[in-house]
Amino acid sequence: MTERTGTGCEEVRLLLADDEHLIRGALAALLALEDDLRVVAEAATGPEALAMARAHRPDVAVLDLQMPGADGVAVATSLRTELPDCRIMIVTSHGRPGHLKRALAAGVRGFVPKTVSAQRLAEIIRAVHSGSRYVDPELAADAISAGDSPLSAREAELLELAEGGAPIAEIARRAALTPGTVRNYLSSAVAKLNAENRHAAARIAREQGWL
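Counting restarts for each chain, with residues numbered from 1 along the sequence as it is written. Reporting in this predicted model follows two pLDDT cut-offs: at least 70 for local features of residues, and 80 or more for side-chain atom pairs to be given and counted; totals over whole chains, interfaces and linings ignore these cut-offs and use all residues. The side-chain figures draw on all heavy atoms in the structure; neither hydrogens nor water molecules are used.

1. A word on the nonpolar core
Applied cut-off: Buried Ala, Val, Leu, Ile, Met, Phe, Trp, Tyr and Cys residues that are joined via side-chain atoms within 4.5 Å together make up what is termed a nonpolar core. Exposure is judged per residue with a 1.4 Å probe applied to protein chains only, and the accessible area is read against the type maximum: over 50% gives exposed, under 20% gives buried, and values in between give partly exposed. In this description a helix means any DSSP run of H or I spanning at least four residues, a strand means any run of E spanning at least two, and both kinds are numbered starting from the N terminus. By the convention used here, residues are in contact when the closest approach between their heavy atoms is within 4.5 Å.
Core analysis: the biggest nonpolar cluster contains 26 residues, and Leu63, Val75, Leu79 and Ile90 have the highest contact counts within it. The biggest single contributor to this core is helix α3 (residues 72–82), with four residues. Setting aside its immediate chain neighbours within four residues, Ile90 contacts Leu63, Leu65, Gly72, Val73, Ala103, Val108, Gly110, Phe111 and Val112. Within the second largest apolar cluster, 23 residues are counted, among which are Leu158, Ala175, Ala189 and Ala195.

Right under this line is the structure:
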């Protein structure tokens, strides 16, 4: 990746979305020191990030992975359709292999840990804006070694519904399936993850970033 300095470069308009106000404010202040980067909007939730993106049409959206209302991948999926010219990055302290794969499938161009320095983040923002892709090498290696999720899309959907402790009848109602079909899918997911029950399976899948 070719590194660029701030002076003389095209201005890049940024949206920052993170529910931790202190982190978001500190990041905005540090990026403001770069001549070519301008934070035009900030958000604390997924829905707010979408609203700010629609209103300000940033060049690059820097999203926290885990936000109230909708996570960074869900926001990225919506932005990919609504604002295809907006480049999307995710900055996270929860870089599970499944998260990375979901993010790349959603069109995310940058995936970095929150431990990255502000200077390095600025360099990555410029690279992503110019059309490059950047994935933290350690996160990429973890994703490769972890392999793909063994769960089908339906199994993952039902595990997510089961995660909060909902009974089978409630899960069946919400998924528009029969209770017997739900039990079959959940039993399959439990077996694939070598878990004790559906609640343990949901926890394992969440920890791996597959939900």
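2. What to know about the pairing of strand β5 (residues 110–113)
How we decide: Two strands pair if DSSP finds at least two bridges between them. Here, the term right-handed applies to a crossover whose path from the first strand over the helix to the second runs clockwise when the strands point away from the viewer.
Side-chain alternation along β5 places Gly110 and Val112 on one buried face and Phe111 and Pro113 on a second face that is also buried. Bridge count for strand β4 (residues 87–92) against β5 is four bridges, and the pairing is parallel. Bridge pairing in β5 links Ile90 to Phe111. Both β5 and strand β6 (residues 134–135) contribute to a ladder of two bridges, which runs parallel. Within β6, the residue paired with Phe111 across the bridge is Val135. For the segment spanning β5, helix α5 (residues 118–129) and β6, crossover handedness is left-handed.

3. Describing the layout of surface pockets
Spelled out, the test is: Of the grid points, spaced at 1 Å and generated over the protein atoms alone, those admitting a 1.4 Å probe that cannot get out make up cavities, while open sets with protein on both sides within 12 Å along at least five of seven lines make up pockets; any residue with an atom within 4 Å of a point is treated as lining. Grid points are joined across faces, edges and corners, and a volume is the space filled by probe spheres set on the points.
Of the volumes computed, that of the largest pocket is approximately 230 Å³. Secondary structure elements with two or more residues in the lining of the largest pocket: β1 (12–17), α1 (21–31), β3 (60–64) and α5.

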